[in-house]
Every structure is written in structure tokens, then in C-alpha cells.
Amino acid sequence: MSGLDLVIFGATGDLSARKLFPALCQLDAAGLLPDDLRIVAVARQEHTPEAFHDELRVRMAKAKRQSISDSAWQKFVQRLTYLSADFSTPEAFRGLQGRLSDTRISLFYLATPPSLFATICEQLSADKCLSGPCRIVLEKPIGESLTTSREVNETLARFFEERDIYRIDHYLGKETVQNLLVLRFANRFINSQWDQSCIDHVQITVAEQVGIEGRWAYYDGVGQLRDMVQNHLMQLLCLVAMEPPNSLEAESIRDEKVKIVKALRPIDAVTVKDHVVRGQYSQGVIDGQSVPGYFDEDGCETQGSDTETFIAIKAHVDNWRWSGVPFYLRTGKRMPDKVTEIIIQYKALPHHIFGEGESAEPNRLIIRLQPNEGIEMTMVSKRQSLRDKLSLQTHTLNFDFREDGDIDRIPDAYERLFLDAINGDPSLFVGREEIEESWRWCDQLIAACEDCGLKVNAYQAGSWGPSKSELLIDRDGRSWNV
Ligand code: BG6
């Protein structure tokens, strides 16, 4: 098989201008795209290819992605054609069929609302665009519940083999998230200390400064649990908790992740009050700038909905390795900083030999996923002194990924994911069972919140969420890292 045609649906959408085309341009400029790769941008609007190119460049510049030189852009647009198609009309993709070939791979990328997934697959099939070898890449959300995610997956299965379905969770494309696998499975001393005998608890925080970024119509009624926990935090939890896979094959990694999702203890109406805190931001100040409350965001249509923009969860993985080790998950919008980090808090020493009052702080491993990507480990050492023979101090070993390697920037997640989809490597994409099992757990949690009327607590934008989220961890004698 020679050559690949990448077909991007939703090519005039926000994601395309902010992430997809900038990633492709970067890959092209770095010489990483196959020479014979062709890209067809598909959207409803009528455009000539040239008008599409011009508009795209302006929108990419506005989105403030890495700048691209004129020569690199000219090279890139040689690959890029445009097709106007109204997805809902019969024979919408006739024009596309003529641009594909049975002797080349077709890679369909659906950057459209999920409500169009089924229509697009049906139209592609009806217009004979699926007769050659093909793969499909989908953006989240894959459904909004177990039932609806199954519907989406059933539809996909009618047209594509599971091995040709690439479900994106862009967190898996982040360099530091991949590094988590390497950290765990390429360092013997870390892996041998990675269980309930050594680890006291795990924290996963994904905090954002942004609000809902003009996406009211999508976000309201969805909230932070469905938007962030069901996918991104769940993936991070799986990568921290899973057993070593026997290889880097997609199936092998997915199998281990699914076991973790299935081992998550269900949170029900009895336990939800002690395990979940929901919040919603009110007006506040971030970095010295006043920011609006949730109901004053652009596009707000409904006052008074109880959509959570913050959630903290105390979760448990019921298996041998993690018995008794809580996983505290926390994610919110309009927080004081953008921080994605995983904290592995080790247990205190079983016996102290350095005397009363010595601060032999338990070790803490901090995996900073963004920004300031890197790993920190707190270690205890002797203070250099003749006066105090054995005075202890805590040091931090700091491994800063930005100072490492032969590249001048950390690549965007979409660059990695495009490369892998083009090369036919699905290991950083999410399998059907993982998604469905994750929805099963989240559905139960959502039902528990509804059954016991767990309301959202207001928090000021620019704070770390409702005070109850501090209590969630404080009452176990622990505290959030930030
Ligand atoms: C998306 C969510 O999946 O991830 C957004 O829909 C969120 O609400 C975004 O802002 C966060 O991604 P990142 O890469 O900026 O952490």
C-alpha cells in the first residue's frame, strides 16, 4: 500500500484552527509527514481551496500557535485541498470519492460534533468512500453515558474494524503522559516501590485558569465530570495504577487499563457525600484580572443550572496492589493556575532512628504534566554540619524535561497523535471497552449525586475550588499539594 489521504471533517471548526492544522504544519515543517500524504479539508461552507487556505492561515495566527514561515506554509498548502459538503444531504461525499483511491489508505478524521458521527459514516459508505483500506479518528466525547457511547461504538463497528478506530484522548499524546509509562516501566527502583506497601495516597490535579471558553451550548449540562474526569483523569489514573503491560502493543496496554477501570470502587448514594465535592465558579480575579462567574460567561442561556465546573473525588482501586490507597482526583475551571500534576505520596518510615522532632518527611514524587513539564522527588539527606551531627533536611531532585532532548519545544499532543494515526499505531488511542467501562463508573457516580441531591458549592474564580474539597482530603489527615 502506498500513500495516505487524510480527510478532515469539521475543517473550518475551532479545533481545526487551534490544534489540528497547526500540528500538521509543524510535522510538515519538521519533515515528518510522508512526502505523498495528501490532505482533504471538508466542511459545509463554500470556499475555493485558495480562500480556505487564506482564511485558515488567519485563524491559525489568531489562535497564537507556533508561527510558521511563508516557505513552510507554501509547502504545506501544496498538500491541502478543500471540499465543500453538506453532510446531511445524500451523495454529499461523491466529490470525495473521486479524490480517494483503493490503492492508498484513507484516514478519516472527525473533528465534528458527535451527533454527526453516524451520518458521516453512513454517507461515506453510501458514497463508496470505504471500499479501500481505511482508518477513522474520532474526537471526544464518545457519548454522554454508557448507553450513548455504546450507540456510537455500535455505529462505528458497522463500518470499521476495532483496530482501525482511533479514539482520541489528547492527554495520551502529551509527551509527559507518555513519559509516565517510561518512568514506571523503565526504572526498576520506581516500579518496585509502586504499591500499597510503600504508597500512602495518590493525587491527580488538572486545574485550568480558563472558563468554558464560549462553549456554553456544549458545556452546560455536561460539566467537569463528563468533560474531564471520564476521559483525561481516568486515563491518568489508569497509567498510574495499571500493571506492567507485556508489550507496547495497543491491546496489551488497553487490557491493563481496562482492569483498573473495572476495579474502581463504585460510588453510590450512600458513599457519595464523603467521596465527591462539586463546585461552580462565581466572579473572581485571576492573575490580577477580573473574570466573570459561570452565568456571566459568553453564550449563557440558562441561569441557575447546577452544572459543576469543579469536582473532587476520592476514589479507590479495589485490587491487591492498591488496597487502602486513596486516589484523590480534582479538576476545575477558573483556578488560580494552570496545573496538571500527579503526586505520589509515599508512606512515613515505619521506625525513626534520627531522634525526636527530626523532619524525615515522607518521600513525595511529583510528576508535572503541564506546565514546567518534569519530575520532582523529595529526598531526605543530612545537613552538612559539625555542630549537628545528624540533622536532616528535605531536598528536591528536579528533572526538567524542557532542558532535555534535542528539541527546542515540547511538541503538542496532536503532533504525536497525528503521526501515530498516519503510521497505523493505535497504542495511544482509547479502546472501546475502556470508554464504556469508564462511562459505567461515571454514570453511577452521576446517579448517586442526583439521588442524594449533591448540590454544587460556589467557589470564587481564582480559588482552588470550594472549601469542602479541602475537607475531603483534610479529614483523612492529608492535604492537596497546591
Ligand atoms: C478538553 C476539554 O478535552 O480538554 C476542555 O473539553 C479542556 O474543557 C481541555 O479545557 C484541557 O486540555 P489541556 O490540554 O489544555 O489540558
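Look a little higher up for the structure.
First things first, this report covers the structure right here in the doc. (Residues numbered from 1 in each chain as written. Predicted model: local features only at pLDDT ≥ 70, side-chain atom pairs only at ≥ 80, totals over all residues. Heavy atoms only, no water.)

### Section: the pattern of salt bridges
Inference 1: All chains considered together, the criterion is met by 32 salt bridges.
Inference 2: Here Asp5 makes a salt bridge to Arg38, at a shortest N to O gap of 2.8 Å. Separated by 33 residues along the polypeptide, Asp5 in strand 1 (residues 4-9) and Arg38 in strand 2 (residues 38-43) bring together distant segments of the chain.
Inference 3: On the accessibility criterion, Asp5 (1% relative accessible area) is buried. (Salt bridge = Lys/Arg side-chain N within 4 Å of Asp/Glu carboxyl O. Helix = DSSP H or I, 4+ residues; strand = E, 2+ residues; numbered from the N terminus. Buried < 20%, exposed > 50% of the residue type's maximum accessible area, 1.4 Å probe, protein only.)

### Brief notes about the pairing of strand 12 (residues 326-332)
Both faces of the sheet carry side chains from a regular strand, because those side chains alternate between them.
Inference 1: The buried fraction of strand 12 is high, at seven of seven residues.
Inference 2: What you see with strand 12 is no split at all: Pro326, Tyr328, Arg330 and Gly332 on one side and Phe327, Leu329 and Thr331 on the other are buried throughout.
Inference 3: Bridging between strand 7 (residues 199-207) and strand 12 involves six bridges; their strand directions are parallel. Each residue of the ladder has a partner; that of Gln203, found in strand 12, is Tyr328.
Inference 4: Direction of pairing for strand 11 (residues 310-316) relative to strand 12: antiparallel, over a ladder of seven bridges. Bridging across to strand 12, His316 finds its partner in Pro326. (Pairing = 2+ DSSP bridges.)

### Regarding the pairing of strand 8 (residues 276-282)
Inference 1: When you tally the buried positions in strand 8, you get six out of seven residues, the bulk of the element.
Inference 2: In this structure, strand 8 lies alongside strand 11, joined through four bridges in antiparallel fashion. By the bridge assignment for strand 11, Gly279 is matched with Phe310.
Inference 3: For strand 8 and strand 17 (residues 456-460), the ladder comprises five bridges, and the chain directions are parallel. Bridging across to strand 17, Ser282 finds its partner in Gln460.

### Some details on helix 2 (residues 49-62)
Inference 1: In this model, helix 2 (14 residues) spans 20 Å end to end at C-alpha, consistent with the 20 Å of a helix rising 1.5 Å per residue.
Inference 2: What helix 2 keeps buried is the set Phe52, His53, Leu56 and Met60. All buried residues of helix 2 fall inside an arc of 100° around its axis, so they share one side. Turned more than 90 degrees away from the buried face of helix 2 sit Glu50, Asp54, Ala61 and Lys62, all of them exposed.
Inference 3: On its buried side, helix 2 packs onto helix 1 (14-29), strand 2, helix 3 (70-79) and strand 3 (80-84).
Inference 4: Just downstream of helix 2 lies Lys64, where phi reads positive at about 55°. (Expected span 1.5 Å × (residues − 1). Arc of directions from axis to C-beta. Contact = heavy atoms within 4.5 Å.)

### Some points on the site of the ligand
Inference 1: The local shell around the ligand consists of Lys140, His170, Tyr171, Lys174, Glu208, Arg215, Asp227, Met228, His232, Lys333, Lys338 and Gln370.
Inference 2: At a separation of 2.8 Å, an oxygen atom of the ligand approaches a polar side-chain atom of His170.
Inference 3: The separation between an oxygen atom of the ligand and a polar side-chain atom of Lys333 is 2.8 Å.
Inference 4: In the complex, the protein chains occlude 83% of the 400 Å² of accessible area that the ligand would expose alone.
Inference 5: Tallying contributions element by element places helix 10 (residues 223-241) first for the shell around the ligand, with three residues.
Inference 6: Tallied by class, residues from the shell around the ligand come to two nonpolar, three polar and seven charged. (Near = heavy atom within 4 Å. Polar contact = N/O pair within 3.5 Å; in protein donor to acceptor, adjacent residues only side chain to side chain. Areas by Shrake-Rupley, 256 points an atom, 1.4 Å probe, with all protein chains shown as cover. Nonpolar A, V, L, I, M, F, W, Y, C, P; charged D, E, K, R; others polar.)

### Digging into the environment of Leu15
Inference 1: Checked against the element boundaries, Leu15 lands in helix 1.
Inference 2: In this structure, the C-alpha to C-alpha distance between Leu15 and Ala111, residues 96 residues apart in sequence, is 7.1 Å.
Inference 3: Those residues in contact with Leu15 that lie beyond four places of it in its chain are Leu20, Ala111, Glu139 and Tyr414.

### Digging into the nonpolar core
Inference 1: Membership of the largest hydrophobic core comes to 130 residues, with the highest contact counts inside it found for Phe9, Phe21, Leu96, Phe108, Ile313 and Phe327.
Inference 2: The biggest single contributor to this core is helix 10, with 11 residues.
Inference 3: Residues contacting Phe327, with those up to four places away along its chain left out, are Val202, Leu237, Val240, Ala241, Ile313, Lys314, Ala315, Val317 and Trp322.
Inference 4: Judged by nonpolar contacts, the second largest core, of 21 residues, contains Tyr219, Phe310, Met335 and Ile473. (Core = buried A, V, L, I, M, F, W, Y, C linked by side-chain atoms within 4.5 Å.)

### So, empty space enclosed by the protein
Inference 1: Evaluated as defined, the whole model comprises three cavities of 30 Å³ or more.
Inference 2: In this structure, the largest cavity encloses a volume near 150 Å³.
Inference 3: Asp169, Gln230, Asn231, Val430 and Ile435 are the residues nearest the centre of the largest cavity, which is lined by 15 residues in total.
Inference 4: Taken together, the elements giving at least two residues each to the lining of the largest cavity come down to helix 10 and helix 14 (432-451).
Inference 5: Class assignment for the residues of the lining of the largest cavity results in seven nonpolar, four polar and four charged.
Inference 6: Considered as a void within the structure, the second largest cavity measures approximately 60 Å³ in volume.
Inference 7: Forming the boundary of the second largest cavity are Leu172, Val177, Gln178, Leu181, Leu239, Ile253, Lys257, Ser427 and Leu428.
Inference 8: Only helix 7 (175-185) and helix 11 (250-263) provide two or more residues apiece to the lining of the second largest cavity. (1 Å grid on protein atoms, 1.4 Å probe; cavity = no way out; pocket = protein on both sides within 12 Å on 5 of 7 lines; lining within 4 Å. Points joined across faces, edges and corners; volume = space filled by probe spheres on them.)

That is the geometry; function is a separate question.
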